[in-house]
Amino acid sequence: MKKGILVLGVLTAMIFTSCKEDATSKVNEANVEVAAARDAQATEFPVMAFDEAEYDFGTIDKGNPVEHKFTFTNTGKAPLVIVDAKSSCGCTVPEYSKNPVAPGEKGELLVKYNASGTNAITKTITIKANTEKGTETLRIKAFVNAPTAGASK
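Residues numbered from 1 in each chain as written. Predicted model: local features only at pLDDT ≥ 70, side-chain atom pairs only at ≥ 80, totals over all residues. Heavy atoms only, no water.

A. Geometry of the nonpolar core. Residues Met48, Ile60, Leu109, Tyr113 and Ile127 are the most contacted members of the largest nonpolar core, which totals 25 residues. Not counting the four nearest positions on each side in its chain, Leu109 is found in contact with His68, Lys69, Phe70, Phe72, Ile82, Ala85, Pro94, Glu95, Tyr96, Ile125, Ile127 and Leu138. (Core = buried A, V, L, I, M, F, W, Y, C linked by side-chain atoms within 4.5 Å. Buried < 20%, exposed > 50% of the residue type's maximum accessible area, 1.4 Å probe, protein only. Contact = heavy atoms within 4.5 Å.)

Below, the structure written as structure tokens:
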């Protein structure tokens, strides 16, 4: 019991004597200015403004690959970097540049579709980028004709 009271007394003394320093005297003003500038830039994001978010290939024949270039402009205040682009199925392949797109500059994303399936199709392409939302979405549509009975591949 005596040891417990002694330990409690020592801890209490340490707590009261260690809190007498003024924490504001340790703040470096240069670090505060650097942090403020960094935080101000953290609110500036790139913006991917697409000329079109959906493209319709119209009527196409099954097995005849098609492709379309989606163009966009970085209308934001920071360089745009596409991290990844994926499609909703393996029959659609997006291709993009790994290079940053500066503010005000244009970029392209090529989407290739191998015309599999039949009838009306809709495929979604999801783009991961350093925009404020983090992802952007594009769509392609087509009506795929089934091969005729006498046609050979």
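From this point, the discussion proceeds with the structure in view.
B. View of the state of the cysteines. Tallying each qualifying case throughout the model produces one disulfide. Sulfur-sulfur distance for the disulfide between Cys89 and Cys91 comes to 2.3 Å. Measuring the twist about the S-S bond at about -60°, one finds the Cys89-Cys91 disulfide to be left-handed. The exposure class assigned to Cys91 is buried, which follows from its relative accessible area of 11%. (Disulfide = S-S within 2.5 Å.)

C. Local environment of the sheet that holds strand E6 (residues 106–113). Across the sheet, which stays open at both edges, the four strands sit in the order E1-E3-E6-E5 with antiparallel pairing between neighbours. Sheet topology places strand E1 (48–50) and strand E5 (92–96) at the edges, where each strand pairs with a single neighbour. Recorded for the sheet is a direction-independent mean angle of 30° between the axes of neighbouring strands. As defined by bridge partners, E5 adjoins E6 across five bridges and the pair is classed as antiparallel. From the neighbouring strand, Val93 faces E6, where its bridge partner is Lys112. (Pairing = 2+ DSSP bridges. Helix = DSSP H or I, 4+ residues; strand = E, 2+ residues; numbered from the N terminus. Axes fitted to C-alpha atoms, helices over the stretch in contact; angles between N-to-C directions.)

D. Spatial organisation of the side chain of Asn74. Mapped onto the fold, Asn74 is located in strand E3 (residues 66–74). Relative accessible area serves as the criterion here: at 0%, Asn74 is assigned to the buried category. Among the polar contacts made by the side chain of Asn74, one reaches the main-chain amide nitrogen of Val47 at a distance of 3.2 Å. Among the polar contacts made by the side chain of Asn74, one reaches the main-chain carbonyl oxygen of Val101 at a distance of 2.9 Å. If we ignore the near neighbours within four places in the chain, the residues touching Asn74 are Pro46, Val47, Pro79, Leu80, Val101, Ala102, Pro103, Gly104 and Glu105. (Polar contact = N/O pair within 3.5 Å; in protein donor to acceptor, adjacent residues only side chain to side chain.)

E. Highlighting the packing of aromatic side chains. All chains considered together, the criterion is met by two aromatic pairs. Positioned over the ring face of Tyr96 is Lys98, at 4.2 Å from the centre of the ring. (Phe/Tyr/Trp six-rings, centres within 6.5 Å; stacked < 30°, edge-to-face > 60°. Lys NZ or Arg CZ within 6 Å of the ring centre and 35° of its normal.)

F. Layout of the sheet that holds strand E8 (residues 135–145). Across the sheet, which stays open at both edges, the four strands sit in the order E2-E8-E7-E4 with mixed pairing between neighbours. In this open sheet, the two strands that pair with only one neighbour each are strand E2 (54–61) and strand E4 (82–87). Across this sheet, the average inter-strand angle for adjacent strands is 20°, counted without regard to direction. Sheet topology note: the E4/strand E7 (residues 119–129) ladder contains five bridges and is antiparallel.

G. The arrangement of the pattern of salt bridges in detail. Under the counting rule described, the total for this entry stands at five salt bridges. Among the salt bridges present, the one from Lys69 reaches Glu108, with a minimum N-O distance of 3.6 Å. Remark: Glu108 occurs in strand E6 and Lys69 occurs in strand E3; sequence separation between them is 39 residues. For Glu108, a relative accessible area of 45% gives the class partly exposed. (Salt bridge = Lys/Arg side-chain N within 4 Å of Asp/Glu carboxyl O.)

H. Seen up close, the environment of Thr137. Assignment of secondary structure puts Thr137 in strand E8. As for Thr137 and Glu54, which are separated by 83 residues in sequence, their C-alpha atoms are 9.0 Å apart. If we skip the residues at most four places from it in the chain, Thr137 touches Ala53, Thr124 and Ile125.

Remember, this is a structural readout, not a statement about activity or role.
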